[in-house]
Amino acid sequence: MQNRFIDLYSDTKTKPSPGMRKAMADAEVGDEQKMEDPTVNRLRDRICELLGKEDSVFLPSGTMANQIAIRVHCRLGDEVIADRTAHIINAESGGPAANSGVMIRPIDGPSGIFTGEQVKAALRDPDTRNHPRSRMVSIENTSNGGFGTVWPLATMQGVADVARAAGVALHMDGARLCNASVKSGTRARDYAACVDTLWLDYTKGLGAPVGASLAGPKDLIKEAWRQKQMLGGSMRQSGVIAAAALYALDHNWDRLAEDHDNARHLSEGLANIKGIDIDVPRMQTNLVFFEITKPGWTSARLVEACRERGVGIGANTATRIRAVTHLDVNRKDIDTALKVISDALAA
C-alpha cells in the first residue's frame with residue numbers, strides 16, 4: 001500500500017489547491033439570480049472574452065450545460081446528431097429524452113471525430129412529416145469516448161459549414177476544451193467560432209470543485225437562464241465557487257501540458273507491461289485507455305488489485321481501463337502507478 005493514494009480514476013478527482021481555497025474564501029459575493037454577484041459577473045465577462053461569445057451563464061455542472069443547450073435549441077420530437085460515444089448518449093442518465101423529449105441519431109466517427117459529410121448523410125429530409133426534425137449537432141472536444149482525441153479545427157469547420165447550410169444548431173461539449181486547446185495550440189475562441197453554443201468545465205483538468213459556463217448569443221443565454229431556473233440550477237452567493245473557476249483559468253490552463261506529458265509517459269510505460277495492450281500514439285491528451293490481455297484477468301480485477309495497492313484506475317469495459325492524469329498527480333506518481341500495475345499483473 002502506498003503512503004499516499006494515487007487517484008488516476010478521473011481528472012474530476014482534483015482537490016482545490018491552497019491558493020484556490022484562499023480565492024474562494026476571499027470572494028466578493030451577492031445574489032447571482034439578480035446579477036448582483038460581482039465574482040460571477042467577472043467570470044461571465046472572462047468567459048465571453050475567452051470564447052468570443054456575446055454572453056455566458058455559470059452553471060453547477062457540465063451535464064446541466066448540455067441539457068440546457070438541448071432544451072434551448074430543440075423542441076419535442078426533434079433529433080440531435082452526435083457521435084455514438086458522446087457523453088449526452090452514454091453518461092447523462094437519458095436526460096435528452098427525459099428533459100427535452102428529443103431523439104438522438106448516433107453516427108460513428110473514428111475516435112469520436114466525425115466529418116461534415118457524415119453529418120450531411122445523417123440529416124433528415126425536412127420535407128417529410130414521418131421523420132424527426134434534425135435540429136442540433138453536438139460535438140465533444142476532446143472526445144472522451146474517443147480516447148481523449150482532439151478535434152482538428154478544419155474538421156470542426158467542415159461540420160459547421162454543413163450544419164449552417166442546413167439551418168441546424170451546432171453545440172460543443174467542452175468538458176476538456178482546455179486540453180484540446182493546449183494540445184493543438186488552437187485558441188479556444190477559434191474552436192468556439194465554429195459553434196452556436198458551448199460550455200467550458202472547471203472541475204476536470206482546471207482543478208476547481210464545482211461548475212461550468214455555457215456561452216453563446218445573448219438571446220440563447222437569456223433562455224438558458226430560464227432553463228437553469230426550471231432545472232433547479234439557480235444559485236445565490238455562487239461567487240464562492242466562481243472564484244475557484246477564475247483562479248483555475250488564471251493558474252491551471254497552461255500547465256495542462258504537464259498532464260499530457262505524464263499521460264504519454266504512462267502510456268509508454270504501460271506498453272512495456274506484459275498482459276497489457278495499448279495504442280500509444282492514439283493517446284493524445286490526459287486520458288489513457290488500455291486493454292487487459294492476461295488470461296483470466298478482467299478490468300474489474302485489475303482495478304481492485306491496484307486499489308488494494310494504493311492506486312485508483314477505472315474499468316471502462318470488461319477488458320478496458322481508463323487512467324487520467326491531472327494536477328494532483330506528478331511524474332513520480334506515474335512511475336509508482338506503473339510499478340503497482342506491473343506488480344499486480346505479475347502476482
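Residues numbered from 1 in each chain as written. Predicted model: local features only at pLDDT ≥ 70, side-chain atom pairs only at ≥ 80, totals over all residues. Heavy atoms only, no water.

*Asks:* How do you make sense of helix α13 (residues 299-308) when you look at a structure like this?
*Replies:* Counting along an α-helix, one turn takes 3.6 residues, and residues three or four places apart therefore face a common direction. The set of residues buried in α13 consists of Ser 299, Leu 302, Val 303, Ala 305 and Cys 306. Down the axis of α13, the sector holding all buried residues measures 165°, keeping them to one side. Against the buried residues of α13 lie β10 (287-292), β11 (311-312), β12 (314-315), β13 (320-324) and α14 (331-346). (Buried < 20%, exposed > 50% of the residue type's maximum accessible area, 1.4 Å probe, protein only. Helix = DSSP H or I, 4+ residues; strand = E, 2+ residues; numbered from the N terminus. Arc of directions from axis to C-beta. Contact = heavy atoms within 4.5 Å.)

*Asks:* Would you explain the pattern of salt bridges in this entry?
*Replies:* Any two side chains of opposite charge can pair, so long as their charged atoms come close to each other. Across all of its chains, the model carries 18 salt bridges by this definition. Between Arg 84 and Asp 108 there is a salt bridge; the shortest N-O distance is 2.8 Å. Of this pair, Arg 84 sits in the loop between β3 (79-83) and α4 (87-90) while Asp 108 sits in the loop between β4 (103-107) and α6 (116-122), and the two are 24 residues apart along the sequence. A relative accessible area of 47% places Arg 84 in the partly exposed class. Residue class for Asp 108 comes out partly exposed when judged on its relative accessible area of 48%. Lys 204 is the salt-bridge partner of Asp 201, the closest N and O atoms lying 3.5 Å from each other. As far as the burial class goes, Asp 201 and Lys 204 line up, both buried. (Salt bridge = Lys/Arg side-chain N within 4 Å of Asp/Glu carboxyl O.)

*Asks:* Would you mind showing me how to read the environment of Asn 272 here?
*Replies:* Take Asn 272: it is sitting in the loop between α12 (256-270) and β9 (276-277). We classify Asn 272 as exposed; its relative accessible area is 69%. Spatially, the C-alpha atoms of Asn 272 and Glu 258 are 22 Å apart, while their sequence positions differ by 14 residues. Engagement of the side chain of Asn 272 in a polar contact is seen with the backbone oxygen of Glu 268, the distance being 3.3 Å. (Polar contact = N/O pair within 3.5 Å; in protein donor to acceptor, adjacent residues only side chain to side chain.)

*Asks:* Whenever I open this one, the side chain of Thr 203 confuses me. Can you help?
*Replies:* By secondary structure assignment, the location of Thr 203 is in the loop between β7 (197-201) and β8 (212-216). When neighbours within four sequence positions are excluded, Thr 203 is seen to be in contact with Asp 11, Thr 12, Thr 14, Ala 208, Pro 209, Val 210 and Gly 211.

*Asks:* Looking at this structure, how should I read helix α3 (residues 62-73)?
*Replies:* Between the first and last C-alpha of α3 there are 17 Å, a value that for 12 residues agrees with the 16 Å anticipated at 1.5 Å per step. Counting buried positions over the 12 residues of α3 gives 11, a clear majority of the element. Three or more residues of α3 are buried, namely Gly 62, Met 64, Ala 65, Asn 66, Gln 67, Ile 68, Ala 69, Ile 70, Arg 71, Val 72 and His 73. (Expected span 1.5 Å × (residues − 1).)

*Asks:* Can you help me understand the sheet that holds strand β2 (residues 55-59) in this one?
*Replies:* The strands making up a sheet are joined through hydrogen bonds of the backbone, oriented either antiparallel or parallel. Spatially, the seven strands line up as an open sheet ordered β2-β8-β7-β6-β5-β3-β4, and their pairing is mixed. In this open sheet, the two edge strands, each paired with only one partner strand, are β2 and β4. Here the average twist between neighbouring strands, direction ignored, is 20°. Sheet contacts for helix α10 (residues 218-230): β2, β7 and β8; angle to β2, the most-contacted strand, approximately 20°. (Pairing = 2+ DSSP bridges. Axes fitted to C-alpha atoms, helices over the stretch in contact; angles between N-to-C directions.)

*Asks:* What is the right way to read the side chain of Ser 56 from this model?
*Replies:* For Ser 56, the position within the fold is in strand β2. Engagement of the side chain of Ser 56 in a polar contact is seen with the backbone oxygen of Arg 44, the distance being 3.4 Å. When sequence neighbours within four positions are dropped, the list of residues in contact with Ser 56 reads Arg 44, Ile 47, Cys 48, Leu 214, Ala 215 and Ile 221.

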